[in-house]
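Okay, here's what each chain looks like letter by letter:
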2 protein chains.
Amino acid sequence: MASSIHDLARHLNISIGTVSRALNGRADVNADTRQRVLDAAAKLNYSPNQSGRSLRRGSTHSIAFMLQPHPGDQQYGEPFFIPFLTGLQAKLAESGLDLIVVMGAPGDYQQERLRRVVETRRADAVVLAWTRREDERIDYLTSVGFPFATLGRSRSGGKSYPSLDLDFEKAGADAVDRLVARGHRRIAAIRPSLDLNFGYLFLAGYRKALRRHGIEVDPELIASGFINEAGGYEVTPGVMNSKDPPTAIIFNNDAMALGGCKALVEMGIKPGHDIAVIVIVDTPLCRYFSPALTGFRPPLEPMGRRLAEMLLASIPAYAGEEGPRTIREVWPLELIARDSD
Amino acid sequence: MASSIHDLARHLNISIGTVSRALNGRADVNADTRQRVLDAAAKLNYSPNQSGRSLRRGSTHSIAFMLQPHPGDQQYGEPFFIPFLTGLQAKLAESGLDLIVVMGAPGDYQQERLRRVVETRRADAVVLAWTRREDERIDYLTSVGFPFATLGRSRSGGKSYPSLDLDFEKAGADAVDRLVARGHRRIAAIRPSLDLNFGYLFLAGYRKALRRHGIEVDPELIASGFINEAGGYEVTPGVMNSKDPPTAIIFNNDAMALGGCKALVEMGIKPGHDIAVIVIVDTPLCRYFSPALTGFRPPLEPMGRRLAEMLLASIPAYAGEEGPRTIREVWPLELIARDSD
DNA sequence: CGTTTTTCCGTAAACGTTTACGACAACATA
DNA sequence: TATGTTGTCGTAAACGTTTACGGAAAAACG
C-alpha cells in the first residue's frame, strides 16, 4: 500500500538519494531523471512518510491550536472558533502544513497539554486563543523559546510573537457613542467574569467613551458572568434591579446576550423596545434573533488566514530570509445596525 | 532542551536499549535500574520524540477527526462538535493518543484531505461526522482498509466499523406523538437539504408516526434548506403559506429553528403561542430562547468518550486480544419539555 | 562441582527520510 | 596532455526510537 522512497529507487534502478533529491527539487539532478522519478511517484502513488521526514528534518510540519470549551460550561462550545480554524487550516495547507487541534484540559487552563505538545515536539508552533491579560501560557512558551502566535493580545511575553486581535476597545466605545447619540445615558455593560483580555478591552473602551460624553461610570451597571447563555441570564437581573436601571445594555458576545434577553423577557422587559441591546462579538444568531441584534461581526475566516501567515513568517524554518515583519495587528470591528437599539 | 534516550543512557551509564525497555515497562529489566531510569527521566525532563517513536513503531499514536464548517455557510460553524471533541480527546488522552483535527475543504466533501491523512500516515485512524446516507468517505476508507469510526450511521461500508448515533427516528416520532397528543394534526418538518443521514432518519420517524396516527403525510409541510439559520429562515414561509398551514413545526436543529422563528415573527406568527415548535437537536440556545424551545438534547461529551472507546477497541494495535465487540450503538434522545409547544 | 535455567543487559539493525561527501565522467581551459 | 570545472549520481551517516538476538553473570538444580 504505502510505497516508500526505496520502492521508487528499486523501480527506477537508481539510488534513494537521487530519488529524494529529485522529489525535493534540488538542483543536482538531471532533468530527465527527475521527470522519471516524478512519473514513478505518481504511478506508484507515493507520498512521503511524515514520521521519517520529520525525524530527519527535526520539524513536524504541523501547527497546533489549543481549543477550549466554554469556561464554566463544558456542555457546549464556541462556534466562533470554527471559521477561524477554517482560515487557519486553509492557509497552512497551502504550505503543506497540518493543523493539530489540542483540547485544553479543564482546570489547569491548558498548561499541562501545552507542555505535552512542546516537549514531545508534536508541532513546530502553536496558536493560542482567548488570551488573558496575564497569560501563563505565553510566559511558558517564551521561556522555552517555542514559536507561537495568539488570537488576541496579552500583556505577557513582551512583543516577541505575532498576534492578531480585534479592536474591542473601539467597539466598546462605538457602541456607547451610538447609544448616547440615541439619547441613552444609563448604559450597562455585561462581560465575561474571567480575565479574558477582550472583555477587559471592551470595558476600557466603554469607560473611556462614557467619560468622554461626561457620563459617570456606575459600577452597578457593570456585571460579569460566564461567557455563555447562563452567564448572561444570571447576571442581567442584577443590573436591571439597580436603583437607577439602564435603558441600554451592551453584551460582550452573542451567547451572553441571548441569556440576558431571556432574563429581560421574564422581567417583562422587551429587548429592542423597552431597552436597547448591542452585542460586541456577534454571530449569525444575532441576525436571526427577534429582534435582530445590533452588533459587530468579526471577519473570522480572514483572521485565521492572516494569523497563519504571520506565524509562518515568524518561524525561521518556514520563512525566507526576510527582514523584520509586522508582528502585531489589530483589526477594526464594524458595527452592523439592526433592530435591537 | 529536548533530552533523548541517549542522554538518559549516558547519564546513567547504561545502554539505550535498557533505558527504552525500562521506560516501556518491559519485564526483562531489573527493578532497581528501572527505578533509576524513571527517576532520571523525570529529572532530565525526558519525553519521547514522537517522530522517532512512530517511525519505528509504524503507528503515529494519533487519531484524526474531520471537522467541517456548515455546508452552504462558510461563515460559522457547529457548536455541536466542540463538546463531542472534548469527550473524544479526553478519552484518547487517557491512552496517550493525540487528536488531530483536519478541516474539510469545501466542495469535494473532504475526499482530498482524507486521502492526504491516510496516505501520509498522519494518523492511525480517523473519525468522521455528519455521515451521509451514501458516504464516499466511508467507501474509500473501507476500500483501503484504514481504521475509522463514525458519528452517525450510513448505508455505506457494510457493518465493518464502529459507529455511534442518536435515535433521530425515534425523536422524530416522539415529537409527532407529543404534538398529536396536544391536538395538532397539521405538523410541518423542516430538515437539511443535503442527504445528511440524521435528516433522513428524522423524517422517517416523522412519517411513520404521522401514519400511525392516521394522519396523511403532506409534502407541502415538509421543507429542506441549509442546516443553519439562513436555511430555516428561507424555508419556513413556504410551509406557512401552504393551503392548509401547519399548527406545529419540527425543526431539525437549533439554528434552523432560530431562523424559522425569525420568519414566523416577521409573518406576525408568535412561536409557542400561535404555533408550536419542537427542535430535534438542541443546544443551550433552545433553553435561553424566548420562548424556550422544547427539544432533544444530545449527550455530546459522553458520546465523544464512547466513540473513542469503540474506535480504540476496534484497532488491533491498541486493543487487547479481545473477541468480537459491540460495533454500532444508537443512543436514545430524551425530550426536554419547555415552553414552545 | 557440572549443567541448566533465569535474570539482566548490551549490540545492532531497522523504520523512511535527508544530506554531506566523494566519485566519476564529460567537458572546458591552458 | 594536463588540469580544472561542471553535472550527475551513489554511499553512508544521521535523526530517536524499539526490539530481536545473544551473551554474561547469577541462580537453580542434579
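Remember, predicted model here, so these are calculated numbers, not experimental data. (Residues numbered from 1 in each chain as written. Chains lettered and ligands numbered in written order. Predicted model: local features only at pLDDT ≥ 70, side-chain atom pairs only at ≥ 80, totals over all residues.)

Some details on the overall build of chain A
Note the cut-off: Starting at the N terminus, helices and strands are each numbered in turn, a helix being any DSSP run of H or I of at least four residues and a strand any DSSP run of E of at least two. Residues with at least 20 neighbouring C-beta atoms inside 10 Å of their own are called buried, those with 12 or fewer are called exposed, and the rest are partly exposed, where every C-beta is derived from the backbone. Residue pairs qualify as contacts under a 7 Å threshold applied to their C-beta atoms, which are placed from the backbone.
Helix and strand counts for chain A stand at 13 helices and twelve strands. Seen along its three principal axes, the alpha-carbon backbone of chain A occupies a region of about 85 × 40 × 35 Å. Within the span of chain A, comprising 341 residues, buried residues form 50% of the whole. Considering only residue pairs separated by 6 or more positions, chain A has 68% of its internal contacts joining residues 24 or more positions apart.

Some thoughts on the interface of chain A and chain B
Applied cut-off: Any residue that is not Ala, Val, Leu, Ile, Met, Phe, Trp, Tyr, Cys, Pro, Asp, Glu, Lys or Arg is counted as polar, Gly included; the first ten are nonpolar and the last four charged.
Counting residues at the interface gives 47 residues for chain A, matched by 47 residues for chain B. At the level of elements, helix 4 (50–57), helix 5 (81–94), strand 2 (98–103), helix 10 (229–240), helix 11 (254–266) and helix 12 (284–288) of chain A are the ones that each hand at least two residues to the side of chain A that touches chain B. Tallied by class, the residues present in the side of chain A that touches chain B amount to 22 nonpolar, 17 polar and eight charged.

Focus on the protein's contact with DNA strand D
For the record, the criterion: In this entry, near means the residue's backbone-placed C-beta atom lies within 6 Å of the molecule or strand.
The full set close to DNA strand D counts 26 residues, and G17 of chain A together with I5, G17, N49 and G52 of chain B are the nearest of them. Those elements that provide at least two residues to the surface near DNA strand D are helix 2 (16–23) and helix 4 of chain A together with helix 2 (16–23) and helix 4 (50–57) of chain B.

What to know about the sheet that holds strand 7 (residues 222–225) of chain A
Residues and elements named next belong to chain A. Under the convention used in this document: Here, any two strands with at least 2 DSSP bridges between them count as paired. Helix axes use the C-alpha atoms of the stretch in contact, all axes being lines fitted to C-alpha atoms, and the angles between their N-to-C directions lie in the range 0 to 180 degrees.
Strand order in the open sheet formed by six strands is 7-6-8-9-10-12, with mixed pairing between adjacent strands. Since the sheet does not close on itself, it has two edges, and those belong to strand 7 and strand 12 (335–336), each with one partner. Note that strand 8 (residues 248–253) and strand 9 (residues 276–281) share five bridges and pair parallel. Across the sheet, residue A248 finds its bridge partner in strand 9, namely A276. Relative to strand 8, helix 11 is tilted by about 140°, and along the sheet it contacts strand 6 (187–192), strand 7, strand 8 and strand 9.

Points about helix 11 of chain A
All names here are of chain A. To keep things clear, this is the line we draw: Given the number of residues in a helix, its expected span is that number minus one, multiplied by 1.5 Å.
Between its first and last C-alpha, helix 11 extends 18 Å over 13 residues, near the 18 Å set by a 1.5 Å rise per residue. Among the residues of helix 11, D254, A255, M256, A257, L258, G259, G260, C261, K262, A263 and L264 are the ones counted as buried. In the stretch just after helix 11, G268 is the one whose phi turns positive, near 80°.

With respect to the packing of helix 6 (residues 111–119) of chain B against helix 7 (residues 136–144) of chain B
Residue and element names in this part refer to chain B. For clarity, the cut-off: Note on terminology: angles under 35 degrees are roughly parallel, angles over 145 are roughly antiparallel, angles of 65 to 115 are roughly perpendicular, and the others are oblique. For any pair of crossing helices, the crossing counts as left-handed if the nearer helix is rotated counterclockwise from the farther one by less than a right angle, and right-handed if it is rotated clockwise.
Taken N-terminus to C-terminus, the directions of helix 6 and helix 7 make an angle of 25°; their axes are 10 Å apart at the nearest point. Here helix 6 lies roughly parallel to helix 7, going by the angle between them. Helix 7 is crossed by helix 6, and the crossing has right-handed handedness. Here Q111, L114 and V118 of helix 6 lie close against helix 7, whose contacting residues are E136, R137, Y140 and V144. Partitioned by chemical class, the residues of the contact of helix 6 with helix 7 number four nonpolar, one polar and two charged.

Here we look at the protein's contact with DNA strand C
I5, G17, N49 and G52 of chain A together with G17 of chain B are the nearest of the 26 residues found near DNA strand C. Elements with a minimum of two residues in the surface near DNA strand C: helix 2 and helix 4 of chain A together with helix 2 and helix 4 of chain B. Looking at the surface near DNA strand C residue by residue, the class counts come to nine nonpolar, eleven polar and six charged.

Observations regarding the relation of the copies chain A and chain B
This is how it is decided: What sets the superposition is a least-squares fit of C-alpha atoms, and only residues with pLDDT of at least 70 in both copies go into it.
Relative to chain B, chain A is turned by 180° and slid 0.1 Å along the rotation axis, the superposed coordinates differing by an RMSD of 0.2 Å. The relationship between the two copies is best expressed as a two-fold rotation axis. Residue by residue, 100% of the interface of chain A is reproduced at the interface of chain B, so both copies engage with the same surface.

Observations concerning the pairing of strand 5 (residues 163–166) of chain B
Residues and elements named next belong to chain B. Judged by which residues are buried, strand 5 turns out to be covered on both faces: S163 and D165 on one side and L164 and L166 on the other are all buried. Pairing of strand 4 (residues 148–151) with strand 5 involves two bridges; the strand directions are parallel. Across the sheet, residue L151 finds its bridge partner in strand 5, namely L164. One ladder, built from four bridges, connects strand 5 with strand 11 (residues 328–331); its direction is parallel. Looking across to strand 11, one finds that L164 is bridged to E329.

Considerations on unusual backbone geometry
In this chain, S290 of chain A is followed by P291 of chain A through a cis amide linkage whose omega measures 0°. Structurally, the position occupied by P291 of chain A is in the loop between helix 12 and strand 10 (294–296). Phi is positive for W130 of chain B, close to 50°, though the residue is something other than glycine. By secondary structure assignment, the location of W130 of chain B is in the loop between strand 3 (125–128) and helix 7. Residue classification places W130 of chain B among the buried residues on the basis of 25 C-beta atoms within 10 Å.

As for the confidence of the model for chain A
The condition is simple: Confidence scores here are pLDDT values: one per residue, from the predictor, ranging 0 to 100.
Residues of chain A with pLDDT of at least 70 account for 92%, and the chain-wide mean is 90. Within chain A, no element has a lower average pLDDT than strand 2 of chain A, which sits at 82, and none a higher one than helix 8 (residues 168–181) of chain A, at 98.

As for the sheet that holds strand 12 (residues 335–336) of chain B
Residues and elements named next belong to chain B. Strand order in the open sheet made by the six strands is 7-6-8-9-10-12, with mixed pairing throughout. Here the strands that pair on one side only, and so sit at the sheet edges, are strand 7 (222–225) and strand 12. Relative to strand 8 (residues 248–253), strand 6 (residues 187–192) is paired through four bridges, and the arrangement is parallel. Residue pairing in the sheet places A189 in a bridge with I250 of strand 8. The strands touched by helix 8 (residues 168–181) within the sheet are strand 6, strand 8, strand 9 (276–281), strand 10 (294–296) and strand 12, with strand 9 carrying the most contacts at an inclination of about 165°. The sheet strands contacting helix 11 (residues 254–266) are strand 6, strand 7, strand 8 and strand 9, and the helix crosses strand 8 at an angle near 140°.

Description of the pairing of strand 6 of chain B
Residue and element names in this part refer to chain B. The element strand 6 is extensively covered by neighbouring structure, given that six of its six residues are classed as buried. Here strand 6 pairs with strand 7 via four bridges, running parallel. For I190, the partnering residue across the bridge sits in strand 7 and is A223.

Focus on the nonpolar core
Note the threshold: Only buried Ala, Val, Leu, Ile, Met, Phe, Trp, Tyr and Cys residues enter a nonpolar core, and they are joined through C-beta atoms within 7 Å.
Among the nonpolar cores identified, the biggest contains 106 residues, and I250 and I280 of chain A together with I250 and I280 of chain B are the most heavily contacted of them. For I280 of chain A, the residues in contact, after removing those within four places along its chain, are F168, A171, G172, A175, F202, I250, F251, N252, N253, G295 and F296 of chain A. Listed in part, the 80 residues of the second largest apolar core include F65 and M103 of chain A together with M66 and A149 of chain B.

Side note on the environment of S242 of chain A
All names here are of chain A. In this structure, S242 sits in the loop between helix 10 and strand 8. Residue S242 is classed as partly exposed on the basis of its 15 C-beta neighbours within 10 Å. Apart from the residues lying within four places of it in its own chain, the contact partners of S242 are E220 and L221.

Points about the packing of helix 1 (residues 5–12) of chain A against helix 2 of chain A
Residue and element names in this part refer to chain A. Closest axis-to-axis distance for the helix 1/helix 2 pair is 8 Å, and the angle between their directions is 110°. If you check the angle between helix 1 and helix 2, you find them roughly perpendicular. Between helix 1 and helix 2, the contacting residues are I5, H6, L8 and A9 on the first element and I16, V19 and S20 on the second. The residue makeup of the contact of helix 1 with helix 2, split by class, is five nonpolar, two polar and no charged.

Topic: helix 7 of chain B
Helical periodicity: at 3.6 residues per turn, an α-helix aligns residues three or four positions apart in one direction. All names here are of chain B. Convention followed: Relevant arc is that of directions from the helix axis to the C-beta atoms, nothing else.
All of the buried residues along helix 7 are R137, I138 and L141. The buried residues of helix 7 occupy an angular sector of 95° when the element is viewed end-on, so they sit on one face. On its buried face, helix 7 sits against helix 6, strand 3 and strand 4.

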